[in-house]
Amino acid sequence: MVGGGGVGGGLLENANPLIYERSGERPVTAGEEDEQVPDSIDAREIFDLIRSINDPEHPLTLEELNVVEQVRVQVSDPESTVAVAFTPTIPHCSMATLIGLSIKVKLLRSLPQRFKMDVHITPGTHASEHAVNKQLADKERVAAALENTHLLEVVNQCLSARS
């Protein structure tokens, strides 16, 4: 393990993560610019919201670490549902709950209230996937976590634009 950055400032669990290339920006179509045409929310729009979330341990985004991918985003605008599966970089990542919470907060702040969100770990990719998913699915636990000023500060750091 290597000492270093990250939100906690302690030892890094995954000192040398694989870094992936960012996907290109989505071109805006004429239909999307037309205010008269209803614009439904799709998987790419959700991915664009979460791709730039900062990893709590590395100076990289969740997209660059392949923690989030567009193929793991499911959206049904008519049913007002969004599901995001994320993949921690290592199976015993202690930051998995914080990453999931950051994704959930970004979606809560960005989407209309009508949407029901399911943020969960990609099946089979984390040692404590069931426990983390249970925490992320519990609205009261998420609300309580966001009342913790230190935790909210860390989430906001993950959501802030990189300088």
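Scroll up a little and you will see the structure.
Computed from a predicted model, the values in this text were never measured in an experiment. (Residues numbered from 1 in each chain as written. Predicted model: local features only at pLDDT ≥ 70, side-chain atom pairs only at ≥ 80, totals over all residues. Heavy atoms only, no water.)

Q: Explain the pattern of salt bridges residue by residue, including any values.
A: For the coordinates displayed, the defined rule picks out five salt bridges. Close ionic contact of Arg44 with Asp48 constitutes a salt bridge, the shortest N to O distance being 2.8 Å. Within this pair, Arg44 and its partner Asp48 are both found in helix 2 (residues 43–50), separated by four residues, close to a single helical turn. When its relative accessible area of 14% is taken as the criterion, Arg44 is described as buried. Across the salt bridge formed by Arg51 and Asp48, the nearest N and O atoms sit 3.2 Å from each other. Members of the salt-bridge network, linked through shared partners, are Arg44, Asp48, Arg51 and Glu63. (Salt bridge = Lys/Arg side-chain N within 4 Å of Asp/Glu carboxyl O. Helix = DSSP H or I, 4+ residues; strand = E, 2+ residues; numbered from the N terminus. Buried < 20%, exposed > 50% of the residue type's maximum accessible area, 1.4 Å probe, protein only.)

Q: How would you explain the sheet that holds strand 3 (residues 73–76) if you had to name every residue and give the values?
A: The three strands lie next to each other as 3-4-5, forming an open sheet whose pairing is mixed. Each of the sheet's edge strands pairs with one partner strand only, and the pair in question is strand 3 and strand 5 (116–121). Shown here is a sheet whose adjacent strand axes are inclined to one another by a mean of 10°, direction ignored. Note: strand 3 against strand 4 (residues 81–86), four bridges, orientation antiparallel. (Pairing = 2+ DSSP bridges. Axes fitted to C-alpha atoms, helices over the stretch in contact; angles between N-to-C directions.)

Q: How would you explain the layout of surface pockets if you had to name every residue and give the values?
A: By volume, the largest pocket is sized at about 280 Å³. Along its surface, the largest pocket is lined by Lys104, Leu108, Phe115, Lys116, Met117, Asp118, Val119, Leu136, Ala137, Lys139 and Val142. Of all elements in the fold, only helix 3 (96–110), strand 5, helix 4 (129–137) and helix 5 (139–147) reach the threshold of two or more residues within the lining of the largest pocket. Sorting elements by how many residues they give to the lining of the largest pocket places strand 5 first, with four residues. Its residues assigned to classes, the lining of the largest pocket shows seven nonpolar, no polar and four charged. (1 Å grid on protein atoms, 1.4 Å probe; cavity = no way out; pocket = protein on both sides within 12 Å on 5 of 7 lines; lining within 4 Å. Points joined across faces, edges and corners; volume = space filled by probe spheres on them. Nonpolar A, V, L, I, M, F, W, Y, C, P; charged D, E, K, R; others polar.)

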